[in-house]
Amino acid sequence: MTMTTENLWRAVAAERTTLADLLETLPEEQWECDSLCADWRVRDVVAHVVLSAGAGPGVLLVSLIRARGNLHRMIRDTAIRHADRTPTAALLGQLRDSIGQRRTAPGTTPADRLMDLLVHGQDIAVPLGITRTMPIAATHVALDRVWDTGMSHCRKTFGGFRLAATDTEWAVGSGPRIEGPAAALLLLLTGRHAAREHLTGDGAARLLADHTA
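As a starting point, this report considers the structure included with it. Residue positions within a chain follow its written sequence, with the count starting from 1. The predicted nature of this model means local features are confined to residues of pLDDT at least 70 and side-chain atom pairs, given and counted, to a pLDDT of 80 or more, with totals for whole chains, interfaces and linings taken over all residues. To obtain the side-chain values, all non-hydrogen atoms of the structure were used and water was disregarded.

Looking at the packing of helix α2 (residues 42-54) against helix α6 (residues 110-125)
Item 1. For helices, the fitted line uses only the C-alpha atoms of the stretch in contact; every axis is such a line through C-alpha atoms, and the angle between N-to-C directions lies from 0 to 180 degrees. Numbered from the N terminus, helices here are DSSP runs of H or I no shorter than four residues, and strands are runs of E no shorter than two. With their axes 10 Å apart at the nearest point, α2 and α6 run at an angle of 165° to one another. Regarding the angle of α2 to α6, the classification is roughly antiparallel. Crossing handedness for the pair α2 and α6: left-handed. When α2 is examined against α6, the residues Val42, Val45, Val46, His48, Val49 and Ser52 are found in contact with a partner set consisting of Arg113, Asp116, Leu117, His120 and Ile124. For classification purposes, angles smaller than 35 degrees are called roughly parallel, those larger than 145 roughly antiparallel, those between 65 and 115 roughly perpendicular, and all remaining angles oblique. Helix crossings fall into two classes, left-handed where the near helix is turned counterclockwise from the far one by less than a right angle and right-handed where it is turned clockwise. In this description, contact between two residues means that some pair of their heavy atoms is separated by no more than 4.5 Å.

Here you go:
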């Protein structure tokens, strides 16, 4: 399944809009709750989404130097700093202001922005017990992007399995089967263990056994 660049950006705008709508309903204390991202609160995830929408090459370079060349440290530290110094209402306003933004970081594409929003929306919603539906077409595109680029070392981790979505025609690999909704597979490939309860198949059973051993 493919989407045109225009449709990708429209999907990005839709994800930003619905995420802002969700966040607007949260009491202040839930912004301080842990997300699915290790060591990130809900507000830190929101700050990352905001920064990802608007950061140009110059800002990224300065931040990378500040993080001594460590990309993951840069992403984490800049998000936390921004979250700590920005009031909740301002963060929400910045997210709404970014809805129509069509900017990508060097080396990334609109599909990366979409994937990031889909996953981070779950990082916020799942720990709070909130159901946030991922659109099937957008999730299919995000799965392709994660798998094709080998993000999160997913090919190394899952290369010996057959991954198959049960709600769209997406499947890769060979070996013991891991089946489930496309949304659960996307979370799995991006390192979110919360997805595993929604997966079936002999491969999923093996994953669960390895995780609980």
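There is more to say, and it comes next.
A look at the pattern of salt bridges
As a working rule, side chains carrying opposite charge can pair if their charged atoms are close by.
Item 1. Salt bridges are identified by distance alone: a Lys or Arg side-chain nitrogen within 4 Å of an Asp or Glu carboxyl oxygen. The final tally for this structure, using the stated rule, is 15 salt bridges.
Item 2. Of the charged contacts in the structure, one is a salt bridge between glutamate 6 and arginine 10, with a shortest N-O distance of 3.1 Å. You can see glutamate 6 and its partner arginine 10 sitting in helix α1 (residues 5-24), 4 residues apart, about one turn around the helix.
Item 3. Residue exposure (1.4 Å probe, protein chains only): buried if accessible area is under 20% of the type maximum, exposed if over 50%, otherwise partly exposed. Judged by relative accessible area, which is 32%, glutamate 6 ranks as partly exposed.
Item 4. For arginine 96, the salt bridge identified is with aspartate 21, shortest N-O distance 2.8 Å. One end of the pair, arginine 96, is in helix α5 (residues 88-97); the other, aspartate 21, is in helix α1, and 75 residues separate them in sequence.
Item 5. When its relative accessible area of 29% is taken as the criterion, arginine 96 is described as partly exposed.

Comments concerning the side chain of threonine 86
Item 1. Position of threonine 86 among the secondary structure elements: in the loop between α4 (71-85) and α5.
Item 2. In the analysis that follows, any N or O atom pair within 3.5 Å is treated as a polar contact, provided that within protein one partner can donate a hydrogen and the other can accept it, and provided that, for residues neighboring in sequence, both atoms belong to side chains. Only 2.6 Å separates the side chain of threonine 86 from the backbone oxygen of histidine 82, close enough to count as a polar contact.
Item 3. Ignoring sequence-local partners within four residues, the contact set of threonine 86 consists of Arg43, Leu91 and Gln94.

Side note on the sheet that holds strand β2 (residues 171-172)
Item 1. Within the open sheet, the 3 strands sit side by side as β2-β1-β3. Their pairing is mixed. A single partner strand is all that each edge strand has here, and the edge strands are β2 and β3 (177-180).
Item 2. Following DSSP output, two strands are said to pair if at least two bridges run between them. Pairing geometry for strand β1 (residues 162-165) and β2, over 2 bridges, is antiparallel. Within β2, the position partnered with leucine 163 by the bridge is valine 172.

What about the pairing of β3?
On any regular strand, side chains alternate: one points to one face of the sheet, the next to the other face.
Item 1. Along β3, the buried face is formed by Ile178 and Gly180; none of Arg177 and Glu179, which line the opposite face, is buried.
Item 2. Pairing geometry for β1 and β3, over 4 bridges, is parallel. Paired with alanine 165 across the two strands is glycine 180, which belongs to β3.

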